[in-house]
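# Summary of the model geometry
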Amino acid sequence: MGQPSRITAVLGPTNTGKTHYAIERMLGHRTGIIGLPLRLLAREVYDKIVAARGPSVVALVTGEERIVPPRTQYWVCTVEAMPEGMGVDFLAVDEIQLCADPERGHVFTDRLLRARGLHETLFLGSDTMRGTIAALVPQAQFMRRDRMSRLTYAGSKKISRMPARSAIVGFSVDNVYAIAELIRRQKGGAAVVMGALSPRTRNAQVELYQNGDVDYLVATDAIGMGLNLDINHVAFSSLTKFDGRRMRHLAPNELAQIAGRAGRGMSDGTFGVTGEAEPLDDEVAEAIMEHRFTPIRKLQWRNHALQFGKLDALIASLEDAPQDDLLVRVREADDLMALKSLSQVAEVRARASDAASVRLLWDVCRIPDFRGISHAEHATLLEAIFNFLHQSGRVPDDWLATQIKRIDRTEGEIDTLSKRLAFIRTWTYVAQRSGWVRDESHWREATRAVEDRLSDALHAWLTQRFVDRRTSVLLRRLKQKEALLAEVNDKGEVTVEGEFVGRLEGFRFRQDRDATAQEAKTIRQASISALVPHFNLRADRFYNAPDTEIDFTEQGGLMWGDQAVGKLVAGADPLKPQVAAFVDDEAGPDVAQKVQRRLQHFIDRKIAALFEPLLALSRDEALNGLARGFAFRMVENLGILPRASVADEVKALDQDARGALRKHGIRFGQFTVFMPLLLKPAPTRLRLVLWSLARGLDEFPEAPPPGLVTVPAIKDAHPEFHIMSGYRAAGERAIRIDMLERLADMLRAEDSRTGFEAKADMLSITGMTLDQFADLMQGLGYKAERGERAKVKAVEASKADAPVAAAPEDAAAVATEENAPAPTEPTAEAAAEPQAEATAEPVEMEVFYSFTWGRKPPSQQGRPGGRGRPAPQGAATAQPQADGEPRADRGERGERSGKPRGKGKPRGDQPGRDARGQDRGKGRGRDGDKPQQGAKTYEARPPRAKDRIDPDNPFAAALMGLRDKT
């Protein structure tokens, strides 16, 4: 134990200046050693002493660092690295309460019992050690130091409400990273401090916090061991930790050691919990504030008098039990576990045959397991090192270079770099041991350089991941309470104080964000406040913008160029929608009102321009009675009505009413009553938006592409969708309603009872193939019978149409008239010629369809329809009159044909009637020579007076003339 010296135990809570007092006492002596619990703290104390006395007289010795000048007077070490037998004047051990630590406690206990300075010895730590020190070191004197500031419990707080200059403590790497990421999102960033960091990385991270780049520190319990930082509040994210063997709750004195970092010097501090940590019990919180803790009763101990004669003797001496009741044998440490593993290896056991070899093996086993992979893997590495040292006295340069080169890579992210740093610490430790490598200075510099490179790369990654530089800059300016300068370029990119913070989309500020993060609320407020002048300037420019710069989307959005500035919402009237402007609340009510007013003007003018005929119809005061009611129905349905849904109203309209409605462009078609001007693409697009708003649809259907006669029918669409888009669904496709009326005109001239085939004009106006047309006709209520026949070639067809193709019984007369002989019976040879040709050339077949009127389409069967049976909206069919066929208005048919109805023109009212409007089944047959018996005439409404002619009809005079001739 050396010469008797003054032994003093300086005890008290944190922030009492104990470490500072020890440094002052050491510098008062010619030589001294101070042992510290962490290499981070050792580096901090080393820097302070170097600043006071210069680097030439100060040494730093840790497991991975060794700086020993030739004229060393003062040694700063980790407790494990403290040299023995130095004979220095002064010796101090900090955080002496770690004698009770399950992992490292036996080292501190050994220093308490055996380490002494020649003139003065100091043990620094908690009051909980007073009783055990007094019992084990009877000559020790005690000095009580009180805390210089007050420590107060602040309860539980969310991380989002954590005050500035706070440290949040986690007890695992994953927990620390998760908290730091959350703080980056909400507070702009945090520095990260962990015991596993290299001193270089740790110092760089602490500098971020100390200089104000960030206001938050996320750390492990490493900060509880003497790190002096400007912390106002300490928050525990958990009250349990893994101690290397199991999860356990932290004792009150351990919590106090960490919480005591809050409040430095004369500044008061607070502590509390956050996240998932439960609030502290009142007794625990009170004990921490008053520094009252259960005294430490047992200290961890391991025998220092080791027997190096044989391996078994060494292991037995390490497992010796203490003789004092205050001491308890430490649990099996990593170095003892490694020694036992290697003692089972035959080669190692053979090599460790003498005291020097056993001592060498023990020194190798004390290499810390920095990598933390597994005990077996660590033992394998130690075996290789021991074999090298025992065989040649050195670790081979080429082998060591290979190990270091494998680690010397700075690519990768935080976890990868952290693992490499842990790996390089093993070789840094090996290079620090005297005599283990050939060129010690070279390998110390090489391993230190690799550690520095990895440390810098890790610091860069930690800063990139957990610190938002933009937010940090803005926070600093906000603290200075100065006006922030914002700029917006022509692309809408916003910079505040030169830092890119987001974009202006219309009148909303969108903060810049990465895949997983968003800006803090305080930074948003700062950005918005800086943008208020820009909002006002932009609102003025928008208010004066022409309508050509504004448009609406098919989902009811309102766009200014490519930026969303509002949306349409349903109003009391489908033609009077309202507007909701997209304006940030921070922009102010004036900006919001100006944007909303401009958008309302735009949509009102757009509706007035595209729906001018419909609005004129609604404002026509000359309409009265049924005409006015029908006009209201048209306006209510945005200019399109299925005729079946208003069949009774149409029949009730007299000619005057119809004429008044036609003047507004209303067309009474066979299937639809509509305004042709409103079928254009622009009104259709707007009509679908207004209809969707009125129906309260969540998703608005899109308008069909412009210019198409037919489009695919949408199966699950809203029942009114197709009619509102200007189409009628029939089969697999939907046909435009104006083209459907043209098709209906063609169909009225056909015999729908006996059957007819599709004409080329029918296929032309629909743009369909024959199969598609057949499906369309079935959708309209016709039956389509498919057949095949021999295709008639064009040449044969022209011959068949020639005048010489007379009937056989008239052939003689034709021949006489033409002075030509009558045809005779063909000879056998002549008759065989066509058959031979037919055999030689295969007959080409063609598909045809025969259309007859059928039942209602499947979607309409079982529904009432026709006269006296009102059909649902959109259910009009092209049935014959006997089944209640809806008819196009006679005046409308005259307008479509451009000619008055008269002789030789089909009435067009009902399929199956001839040009005179008579049923082909009554009177003379199709050949005009035989009357058909048993045929009946069907009428869907009472017969009209034969002499009644609409005076407003433009063809009235011609019709009167025809009537007089009859």
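Quick caveat: nothing in here was measured; it's all calculated off a predicted structure.

Turning next to the overall build of the chain. When helices and strands are counted, the chain shows 33 helices and 36 strands. Classification of the 966 residues of the chain by burial places 47% in the buried group. Across the chain, the fraction of contacts at a sequence separation of at least 24, relative to all contacts at a separation of at least 6, is 67%.

Looking now at the sheet that holds strand 24 (residues 557–560). Overall, antiparallel pairing links the four strands, which are arranged 23-24-25-26 in an open sheet. Bordering the open sheet on either side are strand 23 (550–552) and strand 26 (578–581), each of which pairs with just one other strand. Here the average twist between neighbouring strands, direction ignored, is 30°. By the bridge criterion, four bridges tie strand 24 to strand 25 (residues 563–569) in an arrangement that is antiparallel. When the sheet's bridge partners are listed, Gly557 is paired in strand 25 with Lys567. Of the strands in this sheet, strand 23, strand 24, strand 25 and strand 26 are in contact with helix 19 (residues 589–610), which crosses strand 26 at around 145°. Sitting on the sheet, helix 24 (residues 681–695) is in contact with strand 23 and strand 25, with an inclination near 60° to strand 23.

It is worth spelling out helix 5 (residues 173–187) at this point. Taking 1.5 Å per residue as the helical rise, helix 5 with its 15 residues ought to reach 21 Å, and the 20 Å between its terminal C-alpha atoms agrees with that figure. Remark: Gly188 follows helix 5 within two positions and exhibits a positive phi of approximately 100°.

Glancing now at the confidence of the model for the chain. On average, residues of the chain score 81 in pLDDT, and 79% of them reach the 70 mark or higher. Note that pLDDT drops below 50 for residues 857–886; the model gives that stretch 79 contacts with residues more than four away or on any other chain. Taken together, the stretch residues 894–947 has pLDDT below 50 and engages in 99 contacts with residues farther than four places along the chain or on a different chain.

So, on to the nonpolar core. Phe507, Leu575, Phe611, Leu617, Phe630, Leu661 and Val673 are the most contacted members of the largest nonpolar core, which totals 68 residues. A total of seven residues in this core trace back to one element, the largest contributor, which is helix 19. Residues contacting Phe630, with those up to four places away along its chain left out, are Leu641, Val646, Glu649, Val650, Leu653, Leu661, Phe668 and Val673. Membership of the second largest hydrophobic core comes to 62 residues, among which are Val176, Ala190, Val430 and Trp443.

Residue Glu95 is not a glycine yet carries a positive backbone phi of 55°. Tracing the backbone shows Glu95 in the loop between strand 6 (90–93) and helix 3 (105–114). A positive phi angle, close to 60°, is found at Arg165, a residue other than glycine. Among the structural elements, Arg165 can be located in the loop between strand 9 (151–156) and strand 10 (166–169).

Interaxial distance between helix 19 and helix 20 (residues 612–619) falls to 5 Å at its minimum, and their mutual angle equals 85°. In terms of axis orientation, helix 19 runs roughly perpendicular to helix 20. Contacts between helix 19 and helix 20 involve Ile607, Ala608, Ala609 and Leu610 from the former and Glu612, Pro613 and Leu615 from the latter. Across the contact of helix 19 with helix 20, the residue classes tally to six nonpolar, no polar and one charged.

As a further point, take the pairing of strand 32 (residues 733–736). Sheet topology places strand 30 (residues 710–712) next to strand 32; three bridges connect them, and they run antiparallel. In the sheet register, Pro712 faces strand 32, and the bridge partner there is Arg733. In terms of strand pairing, strand 31 (residues 727–730) meets strand 32 through four bridges, oriented antiparallel. Within the sheet, the bridge partner assigned to Tyr727 lies in strand 32 and is Arg736.

Turning to the pattern of salt bridges, a few remarks are in order. A full pass over the atoms with the stated rule returns 50 salt bridges. Of the charged contacts, one joins Glu347 and Arg351 as a salt bridge, the two residues approaching to 3.2 Å between their closest N and O atoms. Residue Glu347 and its partner Arg351 are located together in helix 11 (residues 346–351), separated by four residues, close to a single helical turn. Residue Asp547 pairs with Arg605 through a salt bridge whose shortest N-O separation is 2.9 Å. Of this pair, Asp547 sits in the loop between helix 18 (521–543) and strand 23 while Arg605 sits in helix 19; the two residues are 58 residues apart in sequence, bridging distant segments of the chain. Given the relative accessible area of 44%, Arg605 is considered partly exposed.

It is worth spelling out the sheet that holds strand 2 (residues 32–36) at this point. Pairing is mixed across the open sheet formed by eight strands, whose spatial order is 4-3-5-2-6-7-1-8. Both edges of this open sheet fall to strand 4 (66–67) and strand 8 (141–144), since each of them pairs with a single strand only.

Burial of strand 20 (residues 493–496) is one-sided: the residues Val494 and Val496 facing one way are buried, the residues Glu493 and Thr495 facing the other way are not. Bridge count between strand 19 (residues 486–488) and strand 20: three bridges; the pairing is antiparallel. Within strand 20, the residue paired with Glu487 across the bridge is Thr495. Counting the residues between successive antiparallel strands, the hairpin from strand 19 to strand 20 contains four residues, one of them, Gly492, with a positive phi of roughly 85°. Summarising the sheet, strand 20 and strand 21 (residues 499–505) pair through four bridges and their orientation is antiparallel. Each bridged residue has a counterpart across the sheet, and for Glu493 the counterpart in strand 21 is Arg503.

Okay, the environment of Asp369 next. By the secondary structure assignment, Asp369 is in the loop between helix 12 (355–365) and helix 13 (375–392). On the basis of relative accessibility, which here comes to 21%, the residue Asp369 falls in the partly exposed class. Along the backbone, Asp369 and Leu382 are 13 residues apart, and their C-alpha atoms lie at a distance of 9.8 Å. Apart from the residues within four sequence positions on either side, Asp369 is in contact with Ser374 and His378. A polar side-chain atom of Asp369 sits 3.1 Å from the main-chain amide nitrogen of Gly372.

To continue, consider the environment of Ala190. Tracing the backbone shows Ala190 in the loop between helix 5 and strand 11 (191–193). The residues touching Ala190, leaving out its near neighbours within four places in the chain, are Ile183, Gln205, Val214, Tyr216, Val218, Phe466 and Val467.

Here is what the cut-offs are and how they apply
Residues numbered from 1 in each chain as written. Predicted model: local features only at pLDDT ≥ 70, side-chain atom pairs only at ≥ 80, totals over all residues. Heavy atoms only, no water. Helix = DSSP H or I, 4+ residues; strand = E, 2+ residues; numbered from the N terminus. Buried < 20%, exposed > 50% of the residue type's maximum accessible area, 1.4 Å probe, protein only. Contact = heavy atoms within 4.5 Å. Pairing = 2+ DSSP bridges. Axes fitted to C-alpha atoms, helices over the stretch in contact; angles between N-to-C directions. Expected span 1.5 Å × (residues − 1). pLDDT = per-residue confidence, 0-100. Core = buried A, V, L, I, M, F, W, Y, C linked by side-chain atoms within 4.5 Å. Parallel < 35°, antiparallel > 145°, perpendicular 65-115°, else oblique. Nonpolar A, V, L, I, M, F, W, Y, C, P; charged D, E, K, R; others polar. Salt bridge = Lys/Arg side-chain N within 4 Å of Asp/Glu carboxyl O. Polar contact = N/O pair within 3.5 Å; in protein donor to acceptor, adjacent residues only side chain to side chain.

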